[in-house]
Amino acid sequence: MTTEEIDSIVHHEIIRQNAYPSPLGYGGFPKSVCTSVNNVVCHGIPDSRPLQDGDIINVDVTVYYNGYHGDTSETFLVGNVDKSGQKLVEVARKCRDEAIAACRPGAPFSVIGNTISSLARRGGFQVCPSFVGHGIGSYFHGHPEVWHHGQIARLTESSGQLGPAHRLPRPAPGGSRRVPRPARARTAPAKFVAGRRKISAETLKPPGPRLEGAAVGAVPLRPGWDRFRRVLRFMAGTGVHANDSDLLMEEGMAFTIEPIIMEGSPEFKILKDKWTAISVDNRRSAQFEHTIVITSEGAEILSKLVEEA
């Protein structure tokens, strides 16, 4: 099987369910899912290369249905995977699940990254700190930014050009895939408290085609990939970023948790397609993702499969 065949299967099933594949046309992304094999860290573009025995592959699926986006991903074992690869996938799943278990009203967002980093280190792996989780709802990507690393992380992206964790959506291109387009959200439904600054629907515009951003006080915010890239460049310039945000979780907040766990170095580079991120040492990574919402009792997983416990 090729990753293009996976893309086709997922695409047609999404359309059959009267939904829309959110990645298709998003920032120019050409496919309906991301497929990241072995040393591809994330945002792999499906192609004609067949999967081989011993591969591991992450399939990242996002759908737009009835006015809302839902985002999830899982890393799968292809055939006979070596014990190190199996452990990597097992630890990556555990990192996501334990981070979700730590979420509840009043908990700091930093508990997510600290939980993930601790588990990854104990397993002998590292967290890729450059790609973040995100708020989600009627918009694909928004606030809050969910960091997956712990208190200290070193960022050195080898190519010198940090890739965007997430990009601004653009209308789906025309052509053979005649599918309905999701309507762009007009308001951000949730309120987020960042330190002493309150960000609400009145001050924050949701992601949309090439938004120039809304201002919160004197701080210009671009909810899409431009802002992520500026933040990452700052972090790379300083070399160190402390995940010590005092942003607290509130009931009703919806966001993703999607850590990428690296077998070797957390460094990566972006290929010429401007999407595919690969590890600089060609070692493998694994990722798992869920969309959750904070409830009075903790966190509800919105993207859980029926067969999941």
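Going by the structure above, here's the rest.
For clarity, every value in this text was computed on a predicted model and none was experimentally measured.

Undergrad: Could you give me a rundown of the pairing of strand E8 (residues 142-146), with the residues and numbers involved?
TA: Extensive coverage of E8 is indicated by the burial of five of its five residues. Here three bridges tie strand E7 (residues 133-135) to E8, and the two strands are oriented antiparallel to one another. Paired with Gly133 across the two strands is Val146, which belongs to E8. Adjacent in sequence and paired antiparallel, E7 and E8 are bridged by six residues.

Undergrad: Got a sec to walk through the packing of aromatic side chains? Specific residues and values, please.
TA: If you walk through the whole model with that rule in mind, you get four aromatic pairs. On the basis of an interplanar angle of 85° and a centroid distance of 5.2 Å, the ring pair of Phe29 and Trp275 is categorised as edge-to-face. Of this pair, Phe29 sits in the loop between strand E1 (20-21) and strand E2 (34-37) while Trp275 sits in the loop between strand E17 (268-270) and strand E18 (277-279), and the two are 246 residues apart along the sequence.

Undergrad: So what's going on with the pattern of salt bridges? Residues and values would help.
TA: Within the structure shown, the criterion is met by eight salt bridges. Here Glu13 ties to Arg16 by a salt bridge, and the two come within 2.8 Å at their closest N and O atoms. Residue Glu13 and its partner Arg16 are located together in helix H1 (residues 3-16), separated by three residues, close to a single helical turn. Taking relative accessible area as the criterion, Glu13 reaches 34% and is therefore assigned partly exposed. Residue Arg16 is classed as exposed on the basis of its relative accessible area of 58%. The partner of Arg284 in a salt bridge is Asp82, with the nearest N and O atoms 2.8 Å apart. Pair noted here: Arg284 is in the loop between E18 and strand E19 (285-287) and Asp82 is in the loop between strand E5 (68-77) and helix H2 (83-101), with a separation of 202 residues, a long-range link. Residue Arg284 is classed as buried on the basis of its relative accessible area of 13%. On the basis of relative accessibility, which here comes to 37%, the residue Asp82 falls in the partly exposed class.

Undergrad: Residues and numbers for the side chain of Ser36, please.
TA: Position of Ser36 among the secondary structure elements: in strand E2. Residue classification places Ser36 among the buried positions, given a relative accessible area of 5%. For Ser36, the side chain forms a polar contact with the main-chain nitrogen of Gly44, separated by 3.2 Å. Contact partners of Ser36, with chain neighbours within four places excluded, come to Val41, Cys42, His43, Gly44, Ile56, Ile57 and Asn58.

So, how was this worked out
- For every chain, the first residue of its written sequence is number 1, and the numbers climb from 1 along that sequence.
- Since the coordinates come from a predicted model, pLDDT governs what is reported: local features require at least 70, and pairs of side-chain atoms require 80 or more to be given and counted, while whole-chain, interface and lining totals use all residues.
- As a rule here, side-chain values come from all non-hydrogen atoms in the structure, and water together with hydrogens is ignored.
- The buried label applies to any residue whose accessible area, calculated with a 1.4 Å probe on protein chains only, is under 20% of its type's maximum; exposed applies above 50%, and partly exposed to all values in between.
- Numbering of helices and strands runs from the N terminus, with a helix taken as a DSSP run of H or I at least four residues long and a strand as a DSSP run of E at least two residues long.
- Paired strands, as defined in this entry, are two strands with at least two bridges between them according to DSSP.
- Here the aromatic set is Phe, Tyr and Trp, taking the six-membered ring for Trp, and pairing holds for ring centres within 6.5 Å; pairs whose planes are under 30 degrees apart are stacked, those over 60 apart are edge-to-face, and all others are tilted.
- Salt bridges are defined by distance alone: a side-chain nitrogen of Lys or Arg within 4 Å of a carboxyl oxygen of Asp or Glu.
- Nitrogen and oxygen atoms within 3.5 Å of one another constitute a polar contact, given that in protein one can donate a hydrogen and the other can accept it, and given that sequence-neighbouring residues count only through two side-chain atoms.
- Any two residues having at least one pair of non-hydrogen atoms within 4.5 Å are treated as being in contact.

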